[in-house]
Amino acid sequence: MRKNTVRNTIAVLCTTSLLAGCASQQTPSFLDIQPDQNGACQFNEAGYVIGGALLGAGLGALLGGKNRGLAAVAGGAAGALAGKGLQSYLLNRCEQLAAVQKELRETKMAIARVNVPTGSTWADPDAKNSKTEEGLLVTVDNQAMFGSGQDSLSPTAESDMRKIAATFRGTKGNILIVGHTDSTGGRDMNLALSQRRARTVGALFEQEGVDKTRIFYKGAGEDQPIASNDSVEGRATNRRVQIIELESREAIMAFASHTETDPTLPERVKENRATGDTEGTVPAPKAPAKAANKPATKSPDQGTASNTDKTAPYTVAHSGHGIDFGGKPANDMPNTLSGRTGQPDEEEKGVLASLWPLGEAKASETTLPTDVACIEDSYRPVGAVMALSNDRPVHDTTDYMPALYSTSWHDTVNSHLVGLTKVAVLQNGGSADGDPGVFVFENYKKGDQKPAIQTNGHARSYVGTDGVMYRVFLDEDAWPLRCMDVLYSRKDPFGNAEGRIYYDKDGQVFARDIDLKKAK
């Protein structure tokens with residue numbers, strides 16, 4: 001009875017656009033970004049009032065206990081007022097920005113609504129503190145905004161940006177400024193440059209009277225392309241600044257985390273990669289001398305491991321013969337893991353998936369990045385959210401996902417013990433925390449034995465309705481291992497994890513599926 005009540009209430013709530021889990025069924029992202037179709041400021045008052053009333057009434061009914069009816073009425077009234085207040089505020093802010101947009105000399109500006117889920121987690125998406133905050137996302141595009149490799153605004157861009165900044169003076173929300181670059185130049189350089197550019201804009205906001213304690217900035221580098229880096233126009237589109245206004249700092253941090261752990265990100269990076277981009281895939285490590293039983297022959301494009309043509313084999317780092325994990329040529333296998341780990345059953349979908357940020361429609365689909373294997377992806381460091389008040393990283397939470405707080409996992413593969421240690425994923429947003437350890441005991445036997453491979457990898461994580469994909473990239477001291485994909489189940493976070501390792505063997509890249517067990 002209780003479950004049916006919850007399901008029915010959620011069905012009513014999903015008739016509004018206020019729940020990100022219900023409104024975002026058309027977008028494969030955690031974030032519900034909705035550009036306005038008829039001008040910049042289309043905020044339907046009735047939708048916000050009715051939606052707020054239904055949401056308030058539904059929550060009142062759920063939490064009202066014996067006085068459920070009275071609580072629903074009171075919650076509905078309060079929700080209607082809150083919905084009207086939110087609609088009025090967003091409409092006013094949007095109109096201010098739209099007015100400024102007409103005064104800009106060279107800068108293009110796009111205004112969008114953004115819904116950000118906070119509080120919910122991949123393991124408990126209907127947590128009691130789960131909620132959604134709605135705010136504004138302003139994208140600023142000016143090809144002459146910054147000089148090449150520079151972090152100072154051009155005079156015209158500075159004049160335009162000051163007009164935009166003035167509209168944020170006296171507002172009540174927190175502000176996150178995110179800098180983006182194209183893929184020209186090195187990835188580390190672009191990440192640092194984008195952070196400096198974001199800080200430049202943040203400092204300008206402070207000069208225009210915005211409270212610096214409400215200003216945060218972050219560099220995304222080339223990691224979140226929205227156009228192809230293979231054209232002048234595409235690169236110009238990727239060079240942009242985003243200004244996100246949300247009420248709470250929690251929502252600001254959630255926005256930053258969700259964009260970094262978006263399961264569509266690896267595919268977008270791959271699709272928008274520039275031709276000849278040598279930083280777009282797993283770097284090819286040098287084989288240790290002890291493993292090079294055969295002369296190492298370098299392929300013409302060594303260091304790019306590219307597989308944009310799926311009919312061509314993956315590029316090996318070296319043609320030597322190292323540890324054999326008993327796999328198959330990677331090109332002969334399905335591109336990646338099934339992505340079905342932890343799929344919610346039909347009974348759970350009605351309650352859990354409807355509040356999950358991707359929406360119930362996505363619960364029956366593979367939402368993890370299973371179209372791009374780790375051997376095609378690359379380690380891309382995540383830029384920290386910085387506070388303008390002290391120029392230090394902001395740490396919003398120290399809570400970790402269940403079973404993913406400094407845990408260890410292992411499997412025996414073709415008589416070799418393969419292990420993954422120090423696996424840690426943050427609860428809110430799902431970002432990987434720290435570098436994991438990787439070890440391999442060749443022809444493992446219990447007793448005093450030294451590992452043939454013992455190193456630290458570099459991890460990124462992506463969060464979907466099925467759970468978390470934890471992706472580990474490896475350096476030269478792990479050869480012949482190249483990288484590892486691991487799927488942790490949302491349904492059973494303490495159970496086994498589905499995984500796949502990629503490794504070099506005799507001039508080919510091989511893959512082997514593994515079943516990782518949590519070490520006790």
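Residues numbered from 1 in each chain as written. Predicted model: local features only at pLDDT ≥ 70, side-chain atom pairs only at ≥ 80, totals over all residues. Heavy atoms only, no water.

Attention now moves to the overall build of the protein. If you tally the helices and strands in the protein, you get 10 helices and 18 strands. Relative to its full complement of 520 residues, the protein shows a buried share of 54%. A separation of at least 24 residues holds for 71% of the contacts in the protein among residues at least 6 apart in sequence. When the accessible surface of the protein is summed, it comes to about 22,000 Å², and 51% of that surface belongs to carbon and sulfur atoms. (Helix = DSSP H or I, 4+ residues; strand = E, 2+ residues; numbered from the N terminus. Buried < 20%, exposed > 50% of the residue type's maximum accessible area, 1.4 Å probe, protein only. Contact = heavy atoms within 4.5 Å. Areas by Shrake-Rupley, 256 points an atom, 1.4 Å probe, with all protein chains shown as cover.)

Looking now at the nonpolar core. Ranked by size, the top nonpolar core spans 32 residues in total, and within it Met 161, Ile 164, Phe 205 and Ile 243 carry the most contacts. Those elements giving two or more residues to this core turn out to be helix H4 (68-101), strand S2 (108-118), strand S3 (131-141), helix H5 (155-166), strand S4 (174-180), helix H6 (187-207), strand S5 (215-221) and strand S6 (241-246). A per-element tally of this core places H4 first, with five residues. In contact with Phe 205, not counting residues within four places along its chain, are Met 161, Ala 165, Phe 168, Ile 175, Ile 177, Val 210, Ile 215 and Ile 243. (Core = buried A, V, L, I, M, F, W, Y, C linked by side-chain atoms within 4.5 Å.)

Attention now goes to the state of the cysteines. Going through the model one piece at a time under the given rule, you end up with one disulfide. One disulfide in the model links Cys 374 with Cys 483; its S-S distance is 2.1 Å. Taking the torsion about the S-S bond as the criterion, the Cys 374 to Cys 483 disulfide, at about 75 degrees, is right-handed. Taken together, the positions of Cys 374 in the loop between helix H10 (346-353) and strand S8 (386-387) and Cys 483 in strand S16 (residues 481-489) put the pair 109 residues apart, joining distant regions of the chain. (Disulfide = S-S within 2.5 Å.)

Bringing the confidence of the model for the protein into the picture now. On average, residues of the protein score 74 in pLDDT, and 66% of them are at 70 or above. Segment residues 34-40 is flagged for pLDDT under 50; beyond a separation of four residues in sequence, or across chains, it makes 12 contacts in the model. (pLDDT = per-residue confidence, 0-100.)

Here the focus is the packing of aromatic side chains. With the rule as written, the count across this model stands at nine aromatic pairs. Where Tyr 379 meets Phe 473, the ring centres are 6.2 Å apart and the plane angle is 55 degrees; that geometry is what we call tilted. Of the two residues, Tyr 379 is situated in the loop between H10 and S8 and Phe 473 in strand S15 (residues 467-473); the sequence distance between them amounts to 94 residues. For Tyr 379, a relative accessible area of 28% translates into the label partly exposed. Ring centres of Phe 441 and Tyr 444 lie 5.6 Å apart, and the angle between their planes is 65 degrees; on these two criteria the pair is classed as edge-to-face. A relative accessible area of 16% means that Phe 441 is categorised as buried. Feature note: the residues Phe 325, Tyr 503 and Phe 510 constitute an aromatic cluster, connected by ring pairs. (Phe/Tyr/Trp six-rings, centres within 6.5 Å; stacked < 30°, edge-to-face > 60°.)

Following the criterion strictly, the structure yields 21 salt bridges and no others. Of the charged contacts in the structure, one is a salt bridge between Arg 239 and Asp 182, with a shortest N-O distance of 2.7 Å. In this pair, Arg 239 is assigned in the loop between helix H7 (232-238) and S6 and Asp 182 in the loop between S4 and H6, connecting sequence segments 57 residues apart. Judged by its relative accessible area of 7%, Asp 182 falls in the buried class. Close ionic contact of Lys 505 with Asp 324 constitutes a salt bridge, the shortest N to O distance being 3.2 Å. Of this pair, Lys 505 sits in strand S17 (residues 497-505) while Asp 324 sits in the loop between helix H9 (265-271) and strand S7 (328-329), and the two are 181 residues apart along the sequence. According to the relative accessible area criterion, Asp 324 is partly exposed, its value standing at 24%. Each of Lys 218, Asp 223, Glu 260, Asp 377, Arg 380, Arg 460, Arg 471 and Asp 485 takes part in a single network of salt bridges with overlapping partners. (Salt bridge = Lys/Arg side-chain N within 4 Å of Asp/Glu carboxyl O.)

Once that is clear, we can look at H6. A rise of 1.5 Å per residue sets the reference length of H6, with its 21 residues, at 30 Å; its end C-alpha atoms lie 30 Å apart and thus fit the reference within 8%. The complete set of buried residues in H6 reads Arg 187, Asn 190, Leu 191, Leu 193, Ser 194, Arg 197, Ala 198, Val 201, Gly 202, Ala 203, Leu 204 and Phe 205. Taken together, the buried residues of H6 touch H5, S4, S5 and S6. Of the residues flanking the end of H6, it is Gly 209, one or two places downstream, whose phi is positive at about 100 degrees. (Expected span 1.5 Å × (residues − 1).)

Let us now look at the packing of H5 against H6. Contact pair H5 / H6: the axes reach a minimum separation of 9 Å and the direction vectors enclose 60 degrees. With respect to H6, the element H5 is oriented oblique. The handedness of the crossing between H5 and H6 comes out as right-handed. Taking contact as the criterion, the partners of Glu 158, Met 161, Arg 162 and Ala 165 in H5 are, on H6, Val 201, Leu 204, Phe 205 and Gln 207. (Axes fitted to C-alpha atoms, helices over the stretch in contact; angles between N-to-C directions. Parallel < 35°, antiparallel > 145°, perpendicular 65-115°, else oblique. Left-handed = near helix turned anticlockwise from the far one by under 90°.)

Judged by how many residues are buried, S15 sits mostly within the fold: seven of seven residues are covered. For strand S14 (residues 458-464) and S15, the ladder comprises seven bridges, and the chain directions are antiparallel. Directly across from Ala 459, in S15, lies its bridge partner Val 472. Sheet topology note: the S15/S16 ladder contains seven bridges and is antiparallel. Bridging across to S16, Tyr 470 finds its partner in Val 486. (Pairing = 2+ DSSP bridges.)

All right, on to the environment of Leu 204 then. Within the secondary structure layout, Leu 204 lies in helix H6. Given the relative accessible area of 4%, Leu 204 is considered buried. Taking the C-alpha atoms as reference, Leu 204 lies 9.8 Å from Ala 166; in sequence the two are 38 residues apart. Discounting chain neighbours no more than four positions away, the residues touching Leu 204 are Leu 153, Glu 158, Met 161, Arg 162 and Ala 165.

Most peptide bonds take the trans form, and the phi angle of most residues other than glycine is negative. Note that the residue after Trp 479, namely Pro 480, is joined by a cis bond; omega there is 15 degrees. With respect to the helices and strands, the residue Pro 480 is situated in the loop between S15 and S16. With phi around 55 degrees, Asp 391 is a residue other than glycine that occupies positive phi space. Among the residues examined, Asp 391 registers a relative accessible area of 33% and is labelled partly exposed.

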